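Survey of secondary and tertiary structure
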Amino acid sequence: MQFLKLITSNYIINVGFVSWCVAQILKTLFAFIKYKTFIPERLVGAGGMPSSHTALVVSITIAMAKLEGFSSPLFALSMAFAAVVIYDAMGVRRAAGEQAKVLNKMIFSFKDISKIFDYLNEEIEEEYDETTENITEHKELKEFLGHTPLEVLGGAIVGILVSSLMPIV
């Protein structure tokens, strides 16, 4: 119980956590509106609108500025941390998500081609099955990894709003 009290007494952690939760709930609602079905993975998953990673780091950065001031080394550190996370979300993770889309298309197209072998002859089919056993059990790669600039902007707005509205306790 003492640990819970200690954690919830930290303004920076509270602001970050609330921002992340708000972004994840919005992400789930937007997915529900778009796909007309509840997707539980959106409550905790990466990618999508708004970026919860961006909301988290932006809110922490704003909260740090409120507590320590803009000239504080802690604010500078949180600003640098936010820049790295945002760059990663739009760059490396987005590229990985795009590659996952291409790989998924390739692998599932390749599986469809295997149906053609059924009509050709059994010899080719047997050889194909022996060399591609792992492909027939392929698990689809996650494509929601990174963010578009608009999704990052949405996360930044959530982070700014939450950190601006939460009073320092």
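That block above? That's the structure.
Residues numbered from 1 in each chain as written. Predicted model: local features only at pLDDT ≥ 70, side-chain atom pairs only at ≥ 80, totals over all residues. Heavy atoms only, no water.

Further remarks concern the overall build of the protein. Along its length, the protein carries 8 helices and 0 strands. Element order for the protein, N to C, with α for helix and β for strand: α-α-α-α-α-α-α-α. Residues classed as buried in the protein amount to 31% of the 169 residues present. The long-range share in the protein, meaning contacts at least 24 apart out of those at least 6 apart in sequence, stands at 73%. For the protein, the exposed surface amounts to about 11200 Å²; the carbon and sulfur share of it is 70%. (Helix = DSSP H or I, 4+ residues; strand = E, 2+ residues; numbered from the N terminus. Buried < 20%, exposed > 50% of the residue type's maximum accessible area, 1.4 Å probe, protein only. Contact = heavy atoms within 4.5 Å. Areas by Shrake-Rupley, 256 points an atom, 1.4 Å probe, with all protein chains shown as cover.)

The next subject is the nonpolar core. Membership of the largest hydrophobic core is limited to 8 residues, which are Tyr 11, Ile 12, Val 15, Ile 60, Ala 63, Met 64, Ala 65 and Phe 75. For this core, the elements supplying multiple residues, two or more each, are helix 2 (11-35) and helix 3 (52-68). With 4 residues, helix 3 is the single largest residue contributor to this core. Those residues in contact with Ile 60 that sit more than four places away from it in its chain are Ile 12, Gly 16 and Ser 78. By size, the runner-up hydrophobic cluster in this structure holds 7 residues, among which are Ala 82, Val 85, Val 152 and Ala 156. (Core = buried A, V, L, I, M, F, W, Y, C linked by side-chain atoms within 4.5 Å.)

In this section: the pattern of salt bridges. Side-chain pairs of opposite charge can arise where the charged atoms are in close proximity. Across all of its chains, the model carries 1 salt bridge by this definition. With a closest N to O distance of 3.1 Å, Arg 42 and Glu 41 form a salt bridge. With a relative accessible area of 4%, Arg 42 lands in the buried category. For Glu 41, a relative accessible area of 33% corresponds to the partly exposed category. (Salt bridge = Lys/Arg side-chain N within 4 Å of Asp/Glu carboxyl O.)

We now examine the environment of Met 49. Residue position: Met 49 is located in the loop between helix 2 and helix 3. Once residues lying within four places of it in the same chain are set aside, the contact partners of Met 49 are Leu 26, Lys 27, Phe 30, Leu 150, Glu 151 and Gly 154.

Before going further, it helps to examine unusual backbone geometry. Across the junction of Met 49 and Pro 50, the peptide omega takes the value -10 degrees, indicating a cis bond. Here Pro 50 is to be found in the loop between helix 2 and helix 3. Located in the positive-phi region is Lys 36, a residue other than glycine, with phi close to 60 degrees. Along the polypeptide, Lys 36 turns up in the loop between helix 2 and helix 3.

With that out of the way, let us pick up the side chain of Ser 19. Within the secondary structure, Ser 19 sits in helix 2. On the basis of relative accessibility, which here comes to 0%, the residue Ser 19 falls in the buried class. Ignoring sequence-local partners within four residues, the contact set of Ser 19 consists of Ala 55, Leu 56, Ser 59, Val 158, Gly 159 and Val 162.

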